[in-house]
Amino acid sequence: MVSTALAILGEDCTTSSDQGGDENVHQGRPFIKYSRGLDTYEFLRQRSIFDFPVHHIRLQFLQAYLHYVYPGQPCINFDDVYNLELELPDSPRSPLLMWSILSAACPFVDINTIRQAGHPSRLEAQAEMISRAKLAYQVGTEKDHLVQIQSLLLMSLWQGDNDSPLEAPYWLAQALSIAKSTGLDIDVGKSKCPKSGLKRRIWWCIYIRDVQIALTYYRPCQVHESVLYTTAYGLED
């Protein structure tokens, strides 16, 4: 499946231009007005939230994501990754999710590609990408709870820097809070809901990431075994 997705990204994701999509981005998006007279779209645009890497560089990041990140954190459907790329540059459905994916993939991208994107190192590139993901999340541009959780899970892969070494547990706690508030921790069995498999997979991704963070930071797990799904996810999920 990964090879199929990589083939799609490598051959079929074509864009006519990587410039001039600002007006289309603004249409139909859940941006709100700031008291200073700027709406959130303009606020985010000034902070380069919509300035994604050009097409051929994005593909390198997305391929690295599918190769190295997805197998250990399969919280996003292949189709959603593909659709995110198709929507750029004119109408990015979720800047939060795209920056989260790019940030998570950054450690696995060839250094020459990193430099072509204008960054001297992987660490600096990832720090800039995660900062844009943080801003997109904190401003509240994403209203879909599942997309918020997916993005936060990927943001929890960022280990932070000397000024904020405990970012991973924080972002996971945010993901867990939203998951519980939306009932993701409730076992619905093999439901016929179209997203039931994805939801079950996301919940197990939260649990796995929680154990990883607990072992890394010598912290108690945030997910208690009493609220674990009794239904394990399978290939159909």
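Every value quoted in this text rests on a predicted model; they were computed, and no experiment measured them.

Chemist: Help me understand the overall build of the protein chain, please; the structure alone is not making it clear to me.
Modeler: The secondary structure content of the protein chain amounts to eleven helices and zero strands. For the protein chain, the α and β elements follow one another from N to C terminus as α-α-α-α-α-α-α-α-α-α-α. For the protein chain, buried positions account for 49% of its 237 residues. Contacts spanning at least 24 positions in sequence make up 73% of the contacts within the protein chain whose residues lie at least 6 apart. Working note: accessible area of the protein chain is about 11900 Å², and carbon and sulfur atoms make up 51% of it.

Chemist: For this particular structure, what's the right way to read the pattern of salt bridges?
Modeler: Pairing between side chains becomes possible if they bear opposite charge and their charged atoms approach one another. Within this structure, the stated rule accounts for four salt bridges. Measuring nitrogen to oxygen at the nearest pair gives 2.9 Å for the salt bridge that ties Arg58 to Glu85. Of this pair, Arg58 sits in helix 4 (residues 55–69) while Glu85 sits in helix 5 (residues 78–87), and the two are 27 residues apart along the sequence. Between Arg132 and Glu128 there is a salt bridge; the shortest N-O distance is 2.9 Å. Of the two residues, Arg132 and Glu128 both sit in helix 8 (residues 122–139), four residues apart, roughly one turn of that helix. Residue class for Glu128 comes out partly exposed when judged on its relative accessible area of 32%.

Chemist: Would you mind showing me how to read the packing of helix 9 (residues 145–155) against helix 10 (residues 167–181) here?
Modeler: Two quantities define a packed helix pair, namely the angle between the axes and the distance from one axis to the other. Relative to each other, helix 9 and helix 10 sit at 160°, their axes nearing to 8 Å. One way to sum up the angle between helix 9 and helix 10 is to call them roughly antiparallel. In this structure, the crossing between helix 9 and helix 10 has a hand that is left-handed. Within the contact between the two elements, helix 9 uses His145, Gln148, Ile149, Leu152, Leu153 and Met155 and helix 10 uses Trp171, Leu172, Gln174, Ala175, Ile178 and Ala179. Along the lines of polarity and charge, the residues of the contact of helix 9 with helix 10 split into nine nonpolar, three polar and no charged.

Chemist: How should I be thinking about the confidence of the model for the protein chain in this particular structure?
Modeler: Detailed conclusions should not be drawn from predicted coordinates in areas where pLDDT is low. Predicted confidence across the protein chain gives a mean pLDDT of 79, with 72% of residues reaching 70 or more. Across residues 11–37 the pLDDT falls below 50, and counting only partners more than four positions away or on other chains, this stretch makes 57 contacts in the model.

Chemist: Looking at this structure, how should I read the nonpolar core?
Modeler: For soluble globular proteins, nonpolar side chains are generally found buried alongside one another. Of all hydrophobic cores here, the largest spans 63 residues; its most connected members are Phe61, Tyr65, Ile101, Ile149, Ile202 and Ile206. Where this core is concerned, the elements lending two or more residues are helix 3 (40–46), helix 4, helix 5, helix 6 (95–105), helix 8, helix 9, helix 10 and helix 11 (196–217). With residues up to four places along the chain from it excluded, the contact list for Ile206 reads Ile149, Leu153, Leu172, Ala175, Leu176, Ala179 and Val223.

So, how was this worked out
Residues numbered from 1 in each chain as written. Predicted model: local features only at pLDDT ≥ 70, side-chain atom pairs only at ≥ 80, totals over all residues. Heavy atoms only, no water. Helix = DSSP H or I, 4+ residues; strand = E, 2+ residues; numbered from the N terminus. Buried < 20%, exposed > 50% of the residue type's maximum accessible area, 1.4 Å probe, protein only. Contact = heavy atoms within 4.5 Å. Areas by Shrake-Rupley, 256 points an atom, 1.4 Å probe, with all protein chains shown as cover. Salt bridge = Lys/Arg side-chain N within 4 Å of Asp/Glu carboxyl O. Axes fitted to C-alpha atoms, helices over the stretch in contact; angles between N-to-C directions. Parallel < 35°, antiparallel > 145°, perpendicular 65-115°, else oblique. Left-handed = near helix turned anticlockwise from the far one by under 90°. Nonpolar A, V, L, I, M, F, W, Y, C, P; charged D, E, K, R; others polar. pLDDT = per-residue confidence, 0-100. Core = buried A, V, L, I, M, F, W, Y, C linked by side-chain atoms within 4.5 Å.

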